[in-house]
Amino acid sequence: YSDDNRKIGEFYKERRLVLPLSKMPKMLIEAFIASEDSRFYTHQGIDIISIIRATFKNIEAGSIVQGGSTITQQVTKSFLLSPEKSYTRKIKEAILAYRIDKSFSKDEILFLYLNQIYLGHGAYGVEAASENYFGKPAQELNLAECALLAGLPQAPSRYSPFRHPERAKQRQIYVLNRMVAEDFITSIQATEAINKVLDIKPRRNWYIEEVPVYTE
């Protein structure tokens, strides 16, 4: 802080502002569910159907366009496991995800996920990311902004709206189409969101010490 008590810089490894689920827009939660784990409320921590579906989608696209991990598995990996990529770790992840699903409510799992997930440029959780990209709290996000954030978990650097706005836009469109497919929004709402010009601007006066982030 400066002599007149103004904040002039921040130092951190993980910038996170914990936000209750009740303070998050419904469409923000739905955007993440539609894009990351559409069967979240019906599976038991792991989702074999989604894994098979994602495999075929990725083969068809010739690249990774869908992930097979559930939201519960992502919570498990983030809080309890190392970032190593091995079959042993995947087995542990599946077992722990099943146990977490039995021990926590779906809303509790979502609360952990949406406050823990890495969304690029030092931001962990939707509140910090909302401030990073849009300069406002998550509670004030519109549909287009929610969809953009929900498109980031798979590869925050690749889909960064700062560095790769065209890729971020394509990912946003994917999320909106998924929301239509899951009946969260209408086609008209999706079209309006796609056509909406977003005011994306970096936060000023912030300094971070980033740590390596491992994604799959």
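Since we're looking at a predicted model, the values are computed, not measured. (Residues numbered from 1 in each chain as written. Predicted model: local features only at pLDDT ≥ 70, side-chain atom pairs only at ≥ 80, totals over all residues. Heavy atoms only, no water.)

Participant: Now, about the overall build of the chain: what can you tell me, with residues and values included?
Facilitator: Along its length, the chain carries 9 helices and 2 strands. Secondary structure elements in the chain, listed N-terminal to C-terminal, are β-α-α-α-α-α-β-α-α-α-α. Within the chain, buried positions represent 46% of all 216 residues. If you sum the accessible surface of the chain, you get close to 11,900 Å²; carbon and sulfur atoms cover 54% of it. (Helix = DSSP H or I, 4+ residues; strand = E, 2+ residues; numbered from the N terminus. Buried < 20%, exposed > 50% of the residue type's maximum accessible area, 1.4 Å probe, protein only. Areas by Shrake-Rupley, 256 points an atom, 1.4 Å probe, with all protein chains shown as cover.)

Participant: Hey, could you go over a nonpolar patch on the surface for me, with residue numbers and the actual values?
Facilitator: Residues Ile48, Ile51, Ile52, Phe56 and Ile59 make up a contiguous nonpolar surface patch of about 520 Å² in total accessible area. When you line up the elements, isoleucine 48 lands in helix H2 (residues 48-61). Classification of isoleucine 48 as exposed rests on a relative accessible area of 52%. (Patch = residues over 30% accessible without salt bridge, like charges linked within 9 Å, V, L, I, M, F, W, Y side chains within 5 Å. Salt bridge = Lys/Arg side-chain N within 4 Å of Asp/Glu carboxyl O.)

Participant: Outline the nonpolar core, listing residues and values.
Facilitator: Met24, Leu28, Phe32, Leu114, Leu149, Leu176 and Met179 are the most contacted members of the largest nonpolar core, which has 45 residues in total. The residues touching methionine 24, leaving out its near neighbours within four places in the chain, are Leu19, Ile29, Leu114, Asn115 and Val126. (Core = buried A, V, L, I, M, F, W, Y, C linked by side-chain atoms within 4.5 Å. Contact = heavy atoms within 4.5 Å.)

Participant: Give a description of unusual backbone geometry that names residues and reports values.
Facilitator: At asparagine 5, a residue that is not glycine, the phi angle is positive and equals roughly 70 degrees. Accessibility expressed as a relative area gives 60% for asparagine 5, which makes it exposed.

Participant: Describe in detail the environment of aspartate 199, supporting the description with residues and values.
Facilitator: The residue aspartate 199 is located in the segment after helix H9 (187-195) in this model. The residues contacting aspartate 199, other than those within four sequence positions of it, are Tyr133 and Phe134. Here lysine 201 takes part through its side chain, which lies 3.3 Å from a polar atom of the side chain of aspartate 199. (Polar contact = N/O pair within 3.5 Å; in protein donor to acceptor, adjacent residues only side chain to side chain.)

Participant: If you had to explain the confidence of the model for the chain to someone new, which residues and values would you point to?
Facilitator: Per-residue confidence for the chain gives a mean pLDDT of 87, with 88% of residues at or over 70. Low pLDDT, under 50, characterises residues 205-216; the stretch is placed with 35 contacts to residues that sit more than four places away or in other chains. (pLDDT = per-residue confidence, 0-100.)

Participant: Summarise the side chain of glutamine 172; cite the residues concerned and give the values.
Facilitator: Within the element layout of this structure, glutamine 172 appears in helix H8 (residues 165-181). On the basis of relative accessibility, which here comes to 1%, the residue glutamine 172 falls in the buried class. At a separation of 2.9 Å, a polar atom in the side chain of glutamine 172 contacts the side chain of lysine 169. With residues up to four places along the chain from it excluded, the contact list for glutamine 172 reads Ala144, Ala147, Leu148, Ala193, Ile194 and Leu198.

Participant: Describe the environment of leucine 152, with residues and values.
Facilitator: Its place among the elements puts leucine 152 in the loop between helix H7 (143-150) and H8. Leucine 152 gets classed as buried once you look at its relative accessible area, which sits at 0%. Residues leucine 152 and isoleucine 117, 35 residues apart in the sequence, show an inter-C-alpha distance of 9.6 Å. Leaving out residues up to four positions away in the same chain, leucine 152 has contacts with Leu119, Tyr133, Tyr159, Ser160 and Pro161.

Participant: So what about the packing of helix H1 (residues 26-36) against H8? Which residues, and what values?
Facilitator: Closest axis-to-axis distance for the H1/H8 pair is 8 Å, and the angle between their directions is 95 degrees. When the interaxial angle is binned, H1 and H8 end up roughly perpendicular. The residues of H8 that touch H1, namely those facing Met27, Glu30, Ala31, Ala34, Ser35 and Glu36, are Arg171, Tyr174, Val175, Arg178 and Met179. A per-class count over the contact of H1 with H8 returns 6 nonpolar, 1 polar and 4 charged. (Axes fitted to C-alpha atoms, helices over the stretch in contact; angles between N-to-C directions. Parallel < 35°, antiparallel > 145°, perpendicular 65-115°, else oblique. Nonpolar A, V, L, I, M, F, W, Y, C, P; charged D, E, K, R; others polar.)

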